[in-house]
Amino acid sequence: MTNDGNLLPRYIMMQKALLSSLRLKDVLDAAVLQFADLAGGAKVAIFLSDNESLALKLMAAKGYSDATLDQIKVLPFSAESLLKYVVQKRTPVSANNPQTAPDVSAMIMKREQSSGQIALPLISSNLLVGAVLLEVNNVAYLNYADFLKEVADVTALTIANSILFGRSEYERERLSTLYKTSCALSSSVLQATEVLQIAADTALILGNTPNCAILLFDQGSGIFILAAFKGLEGSSLRDFDMSVRETIAGSCMRSGRTEYIGDGNREPYGLPRATGGAPFASVVALPMIHNGQPLGVIEVFSTESRAFHREQIELLESLSSQVTTALNVAFTHETAASQSIQDAHTGLYNRLHFEDSLLKEIERSGRHKHELSLLLIDLDHLGQINEHLGQDKGDEAIKYSARLLKSALRDIDIPCRFGGEEFAIILPETSPHSAAEVAERLRQKIRAEASPGVGTVTVSIGVANYPGNAEDAEGLLRAAEQALDIAKYEGRDRVVQAQSGTQAMSGPISWQDLAKQAKLAVINERQSTLNSRLTVAPEYASWMTKTPGLVKKKGDDRSSS
């Protein structure tokens, strides 16, 4: 800007530059360049007004030092600078030396070594959109404050339009996201884990934040369980308060309404931290309640205060409603599915699920070149428990043994009820040696922990391995059954590993012959039990702990009980 004659062409060029895009970033970048050019290479800072925090927030700048940029990143309306008077009077204000400028402006002018400072309001439709701060190199440019005010008015209009456009695009994208989420949740019956994953991903988009958590309410314990989360510091999860009484999650679930903390009135408490360790300053908690039954809470976090606007919260509430319905359907479906594959008596998987799982695990093990082991477990002398202590005690012994077995296994292991007093356990990725160790540990655990009302219970266990003993499900099950028969034949209360296939071992009698002999002995014993009644001591526990007598088989040094 050297004379009045070139103002109009420059003004027209400025308008074209500002109106060339509706993206806020493009408008701000163009405005910075135009102000710098029109004010003879001045340093420029453009702020937007945040009426919630009562501050001006720096959005774009050119020429200022890093120290000044840090200082003016957020300027409260009340800060002693020229911008304070711009906010109050809505007119341009200038200072030609630091001595007459307010404290903050004086500090900036000294640091930037400017000849003068101009502050301009950005006003559109009588609303303060923001402000412009200029550090000029020539005090003469202070005389062009009125012209720069005209430039600022055009800038304010384009910024306001860009903000409206950005909000409409923001709403359109998030409504589209919400619609796609609705389609994904309702297109088919999903597992609860799939619903939670979709919910967490969508909450981040709608909340415009990288941090969220989904808490499910455990009716039994009366506390929340962290079911899914994004962007939370792992080491801080122990600080996450899962109680119902004094947390924002509990408060929103009790009231059935959305709770929002982050307006500056009080700090959120009992929360984890963001990845990197930053504390959260804002949190929205949205209840998930279906027909009066609490399912859980969606929580969305931000490290900034006043981070969530009404429009975002309304979209998150729509998401919460959809997720609540989908979770209820998923829980109902999973409960029904679980019941269809569970043995009602023991809570273990049933025989149908065992057969299906064994086929799948063998196929998976073959594909990945992993080993797989199978245990067949039989409760010793259950028939005598039933006859002399009652059927109810026999049932209790089965249930108690099932609980002990399940508690001692890994999550990936598959314990099933195979028959009346028999259990089968599929051990994925387990070698024969490891499987034998597991079997022995289970045998000792059941023997050591007396069944209530019964006393000591012992088990016989047969162990087989894929692909060592067999290369298909039928062969593996047959090898485990043979090992179990031999365990019972040799005196019960023991573990026997199959010695067929590539794990065959030489001996005085072949494995197959021994298996046939053992099976015949087991069948004969079962038939004998059906045809006779035994007299035993009243205390079954004491009787069971005695070493059973062994009956020699003719022509063989092995024995059966």
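Residues numbered from 1 in each chain as written. Predicted model: local features only at pLDDT ≥ 70, side-chain atom pairs only at ≥ 80, totals over all residues. Heavy atoms only, no water.

Attention shifts here to the pattern of salt bridges. Inspection of every chain in the model, using the stated rule, returns 23 salt bridges. Measuring nitrogen to oxygen at the nearest pair gives 3.7 Å for the salt bridge that ties Arg-310 to Glu-314. With Arg-310 and Glu-314 both in helix H9 (residues 310-341) and four residues apart, this pair spans about one turn of that helix. The partner of Arg-492 in a salt bridge is Asp-380, with the nearest N and O atoms 3.8 Å apart. Here Asp-380 lies in the loop between strand S12 (372-379) and helix H11 (382-389) and Arg-492 lies in the loop between helix H14 (473-489) and strand S16 (495-497), a separation of 112 residues in the sequence. Each member of the pair Arg-492 and Asp-380 is classed as buried. Salt bridges linked by common partners bring Glu-440, Arg-443, Arg-447 and Asp-493 together as one network. (Salt bridge = Lys/Arg side-chain N within 4 Å of Asp/Glu carboxyl O. Helix = DSSP H or I, 4+ residues; strand = E, 2+ residues; numbered from the N terminus. Buried < 20%, exposed > 50% of the residue type's maximum accessible area, 1.4 Å probe, protein only.)

Across the interface, helix H12 (residues 391-407) lies against helix H13 (residues 432-448) with an axial gap of 10 Å and an inter-helix angle of 135 degrees. Considered as vectors, H12 and H13 are oriented oblique to each other. Crossing handedness for the pair H12 and H13: right-handed. Contact with H12, carried on its side by Ser-401, Leu-404, Leu-405 and Ser-407, involves Leu-442, Lys-445 and Ile-446 of H13 and no other residues of that element. Residues belonging to the contact of H12 with H13 are distributed by class as follows: four nonpolar, two polar and one charged. (Axes fitted to C-alpha atoms, helices over the stretch in contact; angles between N-to-C directions. Parallel < 35°, antiparallel > 145°, perpendicular 65-115°, else oblique. Left-handed = near helix turned anticlockwise from the far one by under 90°. Contact = heavy atoms within 4.5 Å. Nonpolar A, V, L, I, M, F, W, Y, C, P; charged D, E, K, R; others polar.)

Right, let's get into the sheet that holds strand S14 (residues 422-428). Spatially, the five strands line up as an open sheet ordered S13-S14-S12-S15-S16, and their pairing is mixed. Because the sheet does not close on itself, it has two edges, and the strands there are strand S13 (414-417) and S16. Direction aside, neighbouring strands of the sheet carry axes that sit 20 degrees apart on average. Both S13 and S14 contribute to a ladder of four bridges, which runs antiparallel. Across the sheet, the residue bridging to Pro-415 is Ile-425, located in S14. Helix-sheet contacts for helix H10 (residues 351-368) involve S12, S13, S14 and strand S15 (459-466), and the interaxial angle to S14 is about 25 degrees. Helix-sheet contacts for H14 involve S12, S14, S15 and S16, and the interaxial angle to S15 is about 150 degrees. (Pairing = 2+ DSSP bridges.)

Another point: the sheet that holds strand S11 (residues 293-302). Within a sheet, each strand pairs with its neighbour through backbone hydrogen bonds, oriented either parallel or antiparallel. The sheet built from five strands is open, its strands ordered S8-S7-S11-S10-S9 with antiparallel pairing. Edge positions in the open sheet fall to strand S8 (223-230) and strand S9 (259-261), since each of these has one partner strand only. In this sheet, adjacent strand axes meet at a mean angle of 20 degrees when their direction is disregarded. Bridging between S9 and strand S10 (residues 282-290) involves three bridges; their strand directions are antiparallel. Counterpart to Ile-261 in the pairing with S10 is Val-283. Sheet strands in contact with helix H7 (residues 192-207) are strand S7 (211-218), S8 and S11, and its direction is about 140 degrees off that of S7. With respect to the sheet, helix H8 (residues 248-255) is in contact with S7, S8, S9, S10 and S11, its orientation differing from that of S10 by roughly 40 degrees.

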